[in-house]
Structures are given as C-alpha cells and as structure tokens.
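This is what each chain is made of:
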Amino acid sequence: EGHINNRMLLQALVAACTLQGVEMLPGTVVTQLLTGAEQRVAGVMTTAGSRHAKHTVVAAGAWAGIIAQLLGVSLPIRPVRGQVAAVASGGIPLRRVIFGTTGYLAPKKDGRIVIGATEDEAGFCREVTLAGLANVCNGVLPYVPSLHNAPFLQAWAGLRPATEDGMPLFGPVPGWSGISMATGHFRNGILLSPITAKRMTDWLIEGKLELIGPFLPERFIRP
C-alpha cells in the first residue's frame, strides 16, 4: 500500500497553481451561481465579489450538493465524517502500511503513525468525539500491540463526500450548460485526484464524455 502526506501535497498544489497564475481566494464563500439565458451558468458570486467564467467546476466535496441546489438540481451527496489520530512512532518498527477490516496504520517519515478511520453519519459536524477516537485506537491495537505505549499526538476529523451509489460524480450538471461537477470520491479523493483532473480536462478541453460516462451526474436525475 502506498501513502502520501496530504498536507505537503496541498502545499505543492498551491505552489504549482501560483506558478501557473491561478487566482486563489482562501476563506471565500460562494453565495450564488451567476445564471443567464438558456439555463447557462456564467460564473459565481462570492463574498469577495463576482467571478465570471466560461465554465464553472464544482469541486466542493461534501458541500457540492448544496451548490447544485442553487440551480434547483438535487444530487445525493452527503457528508460522512472520518475521525483520524496520530501517535509517535518511537520504538515501534513499523515501516509499511497495514490496512485491515477494523482500521489502518500509515507510518510517516516525520515520525508519526497515522491511524484511522471512522465513518460517521454526523451531518456537517467535524468534531472529534471520544467514542470515535476510542473506535480508531481499539481497531488497530490488535495489529500492532506495542501501540499501547505510543505517545498520543493529535486527532482530527474531515468530511468525505459520499454518493448514493458509492461512485464519484464527474461531468456536466443536468439541465444546465457552463457548469460541471467533480466530487463524490468518498475516502479516495486524494488518491483519485490525478485521474479526476485528467478526465475533467478531457471533457472541458476536448468535449470527451465517453470515459466518464458511468460517473455522470445525470444518472441520479429521475424522469
């Protein structure tokens, strides 16, 4: 099993986007989709003003369904909380990822072992709970008993975008032009980000939909 440092990856992506001249607006909230004639989206209104675009891509994770609702489109995307913890690896000779039925352990080069993770139906709540933390820890202790004495470092939680059928959503929003979705990866967002970018590029630049056919949002629109 391979693994990456998600925080370092994010820093690298930000640096790469900056070098390409991408404008980023951290902490900015989309409040409205700018719509015009013939059911077309022309950009977004945000707390930092309007941004016009030939094509708008909604890559908002667990919040993507809320943005779709601004167009009157209902897509079954819901948040599923994942609680994760990290302990110090000193004295524990773990060099490989362990992935089992009750949890996983991923040793990092910075001296941490990341352990996880829960799947909680908790709405948009991102708090770490005692029950969730106990579930994470107890789930991996049978794999590496020496973790009983590992110093605890931190715990955190994130919201995964889950779909009704467990598959991602790529491609145009039904009934509208100028807007597409790229979300619904559940627990594999970072792992699937390169192929997501490639397939979305195929669609946005070359108009190719055949490779993302099984993942089109239209599959959830009932006649």
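The following paragraphs examine the structure supplied in this document. None of the values given here were measured: they were computed from a predicted structure.

## Notes on the side chain of Arg 81
And step 1. The residue Arg 81 is located in strand β5 (residues 77-88) in this model.
And step 2. On the accessibility criterion, Arg 81 (7% relative accessible area) is buried.
And step 3. In this structure the side chain of Arg 81 is engaged in a polar contact, spanning 3.0 Å, whose partner is the backbone oxygen of Glu 127.
And step 4. Leave out the neighbours within four places in its chain, and Arg 81 touches Thr 118, Glu 119, Asp 120, Ala 122, Cys 125, Arg 126, Glu 127, Thr 129, Ala 157, Gly 158, Leu 159 and Arg 160.

## What about helix α1 (residues 6-19)?
And step 1. With 14 residues, α1 extends 20 Å from end C-alpha to end C-alpha; this agrees with the ideal 20 Å at 1.5 Å per step.
And step 2. Near the N-terminus of α1, the side chain that reaches the backbone nitrogen of Arg 7, with its oxygen 3.0 Å away, is that of Asn 5.

## Let's talk about a nonpolar patch on the surface
And step 1. On the surface, Leu 10, Val 14, Val 22 and Met 24 cluster together into a nonpolar patch covering about 320 Å² of accessible area.
And step 2. By the element assignment, Met 24 lies in the loop between α1 and β1 (30-36).

## Some details on the sheet that holds β1
And step 1. Read from one edge to the other, the open sheet built from 3 strands follows the order β1-β2-β3, with strand pairing classed as antiparallel. Both edges of this open sheet fall to β1 and β3 (49-52), since each of them pairs with a single strand only. Direction aside, the axes of adjacent strands within the sheet are offset by 30° on average.
And step 2. Sheet analysis places strand β2 (residues 40-46) next to β3, joined by 4 bridges and oriented antiparallel. Across the sheet, Gly 43 pairs through a bridge with His 52, a residue of β3.

## So, the packing of aromatic side chains
And step 1. Applying the stated rule across the entire model yields 3 aromatic pairs.
And step 2. Seen from their ring centres, Trp 63 and Phe 124 are 5.4 Å apart, and the 35° between their planes marks the pair as tilted. A residue pair is termed long-range when its members are at least 10 positions apart, and Trp 63 in the loop between β4 (56-58) and α2 (64-69) and Phe 124 in the loop between β8 (112-116) and α3 (130-140) qualify at 61 residues.
And step 3. The class for Trp 63 is partly exposed, based on a relative accessible area of 38%.
And step 4. We classify Phe 124 as partly exposed; its relative accessible area is 39%.
And step 5. Judged by centre distance (5.4 Å) and plane angle (50°), the ring pair of Phe 170 and Phe 215 falls under tilted. Linking Phe 170 in strand β10 (residues 169-172) with Phe 215 in the segment after α4 (189-206), this pair joins segments that are 45 residues apart in sequence.
And step 6. Judged by relative accessible area, Phe 170 falls into the buried class, the value being 6%.
And step 7. When the ring centre of Trp 156 is taken as reference, the NZ or CZ atom of Arg 7 above it lies at 5.5 Å.
And step 8. Against the face of Phe 186 rests Arg 160, its NZ or CZ located 5.8 Å from the ring centre.

## Things to note about the layout of surface pockets
And step 1. In this model, the second largest pocket occupies a volume close to 200 Å³.
And step 2. Lining the second largest pocket are His 3, Ile 4, Asn 5, Met 8, Pro 107, Lys 108, Lys 109 and Asp 110.
And step 3. Residues that form the lining of the second largest pocket fall into these classes: 3 nonpolar, 2 polar and 3 charged.

Basis of the calculations
Residues numbered from 1 in each chain as written. Predicted model: local features only at pLDDT ≥ 70, side-chain atom pairs only at ≥ 80, totals over all residues. Heavy atoms only, no water. Helix = DSSP H or I, 4+ residues; strand = E, 2+ residues; numbered from the N terminus. Buried < 20%, exposed > 50% of the residue type's maximum accessible area, 1.4 Å probe, protein only. Polar contact = N/O pair within 3.5 Å; in protein donor to acceptor, adjacent residues only side chain to side chain. Contact = heavy atoms within 4.5 Å. Expected span 1.5 Å × (residues − 1). Patch = residues over 30% accessible without salt bridge, like charges linked within 9 Å, V, L, I, M, F, W, Y side chains within 5 Å. Areas by Shrake-Rupley, 256 points an atom, 1.4 Å probe, with all protein chains shown as cover. Salt bridge = Lys/Arg side-chain N within 4 Å of Asp/Glu carboxyl O. Pairing = 2+ DSSP bridges. Axes fitted to C-alpha atoms, helices over the stretch in contact; angles between N-to-C directions. Phe/Tyr/Trp six-rings, centres within 6.5 Å; stacked < 30°, edge-to-face > 60°. Lys NZ or Arg CZ within 6 Å of the ring centre and 35° of its normal. 1 Å grid on protein atoms, 1.4 Å probe; cavity = no way out; pocket = protein on both sides within 12 Å on 5 of 7 lines; lining within 4 Å. Points joined across faces, edges and corners; volume = space filled by probe spheres on them. Nonpolar A, V, L, I, M, F, W, Y, C, P; charged D, E, K, R; others polar.

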